[in-house]
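Results of the structural survey
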Amino acid sequence: MLIWTGLGFIADDHTQVQTGIVASGVYIFSAIYSAGEGPVPFTYSAEAFPLYIRDLGMGFATATCWFFNFILAFTWPKIVSSFGRTGAFMWYAAWNFAGFFMVLWFLPETKGLTLEELDEVFSVSTRKHAAWQTKNFLNGIQRVVLRRHIDPLPPLYEHQKRLAVTNPDWNNKTETAHIE
């Protein structure tokens, strides 16, 4: 949506078209961000930290989020004057693209896990997690985009391995859920 918004500024001949494209891009980006990635620092840090340091972790996550909000607001006028309106939106779209891979590689899934399972998740090294996520991402592209019939990767975490042993269909169901 940031790319859509940035390209909307190119329609200089038609002011109403430009306004419609830019407004729709900003609106849809805000709606998706607010319901998706916007609250992630708060929910992730609330799930990831053990109880004895959760308040410090939440404080750090909140401070980090607001710090980068400040940086964005502080640098926006300078970026617009340097890159132009289209370039400024493209700049932040590129950072969103980079952010996608940073989240993919550095943030393991914690949804619905017990504290014991979280210990298992965070005991896996970041390097091993990033390598598995990259393979799984490429595997997903082959299955979903290229429509190849290949097996999903074996589970990375111990609790997933236990689920796969007790329910052999579990891995296929999870992969199907991610595809749909």
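From a predicted model like this one, the values you see are computed outputs, not experimental measurements. (Residues numbered from 1 in each chain as written. Predicted model: local features only at pLDDT ≥ 70, side-chain atom pairs only at ≥ 80, totals over all residues. Heavy atoms only, no water.)

Here's the deal with the overall build of the protein chain
Let me state the cut-off plainly: In DSSP terms, a helix is any run of H or I states spanning at least four residues, a strand is any run of E spanning at least two, and both are numbered starting from the N terminus. Buried residues are those whose accessible area, probed at 1.4 Å on protein chains only, stays under 20% of the maximum for their type, while exposed residues exceed 50% and partly exposed ones sit between those limits. Should any heavy atoms of two residues lie within 4.5 Å, those residues are considered in contact.
Across its full length, the protein chain holds eight helices and zero strands. Counting every position in the protein chain, which comprises 180 residues, the buried fraction comes to 26%. Looking at the protein chain alone, contacts between residues at least 24 apart form 45% of all its contacts between residues at least 6 apart.

A short note on the packing of aromatic side chains
To keep things clear, this is the line we draw: Working definition: rings of Phe, Tyr and Trp (its six-membered ring) pair if their centres are within 6.5 Å, and the pair is stacked with planes under 30 degrees apart, edge-to-face with planes over 60 apart, and tilted otherwise.
Enumeration according to the criterion identifies 13 aromatic pairs in this entry. Taken together, a centroid distance of 5.8 Å and an interplanar angle of 35 degrees make the contact between W76 and Y92 tilted. Classification of Y92 by relative accessible area gives buried; the value is 16%. A centroid spacing of 5.9 Å and a plane angle of 75 degrees characterise the contact between W91 and W95, whose relative ring orientation is edge-to-face. A residue pair is termed a helical-turn pair when its members lie 3 or 4 positions apart in one helix, as W91 and W95 do in helix α4 (residues 54-106) at four residues. Residue W95 is classed as partly exposed on the basis of its relative accessible area of 47%. Aromatic ring contacts, followed pair by pair, group F97, F100, F101, W105 and F137 into a single cluster.

Quick word on the UniProt feature "transmembrane region" (unreviewed entry) in the protein chain
The condition is simple: UniProt positions are given in the numbering used here, feature names are shortened, and annotations may be inferred rather than shown by experiment.
UniProt's entry tags residues 56-76 and 88-107 with the feature "transmembrane region" (unreviewed entry), counted in the numbering of this structure. As a span, residues 56-76 carries 100% helix and 0% strand, and end to end its C-alpha atoms are 30 Å apart. In this annotation, residues 88-107 is assigned 95% helix and 0% strand; the end-to-end C-alpha distance for the span is 27 Å.

Structural notes on the side chain of T5
What counts, and what does not: The definition of a polar contact used here is a pair of N or O atoms within 3.5 Å, where within protein one atom must be able to donate a hydrogen and the other to accept one, and adjacent residues in sequence count solely through side-chain atom pairs.
Checked against the element boundaries, T5 lands in helix α1 (residues 2-8). From its side chain, T5 meets the backbone oxygen of M1 in a polar contact 2.8 Å long. Only 3.4 Å separates the side chain of T5 from the backbone nitrogen of V26, close enough to count as a polar contact. Those residues in contact with T5 that lie beyond four places of it in its chain are V22, G25, V26 and F89.

Re helix α2 (residues 15-35)
What counts is decided by this rule: To estimate the expected span of a helix, subtract one from its residue number and multiply by 1.5 Å. This arc describes the spread of directions from the helix axis toward the C-beta atoms.
Over its 21 residues, α2 runs 30 Å from end to end, which matches the ideal 30 Å to within 8%, given 1.5 Å per residue. What α2 keeps buried is the set Q18, I21, V22 and G25. Viewed along the axis of α2, the buried residues span an arc of 90 degrees, placing them on a single side of the element. Within α2, the exposed residues directed more than 90 degrees away from the buried face are T15, Q16, Y27, S34 and A35. In this fold, the buried residues of α2 make contact with α1 and α4.

Describing the nonpolar core
Inclusion rule: The criterion is simple. A nonpolar core is a set of buried Ala, Val, Leu, Ile, Met, Phe, Trp, Tyr and Cys residues joined through side-chain atoms within 4.5 Å.
Core analysis: the biggest nonpolar cluster contains eight residues, these being L2, F9, V22, I79, A88, F89, Y92 and A93. A total of five residues in this core trace back to one element, the largest contributor, which is α4. Non-local contacts of F89, meaning those with residues more than four positions away in its chain, are made with L2, T5, G6, F9 and W76. Ranked by size, the runner-up nonpolar core spans six residues in total, among them V121, V124, L156 and Y157.

Quick notes on unusual backbone geometry
Trans peptide bonds make up the majority, and among non-glycine residues the majority have a negative phi. At R147, a residue that is not glycine, the phi angle is positive and equals roughly 55 degrees. Relative to the assigned elements, R147 resides in the loop between α6 (126-145) and α7 (158-166).

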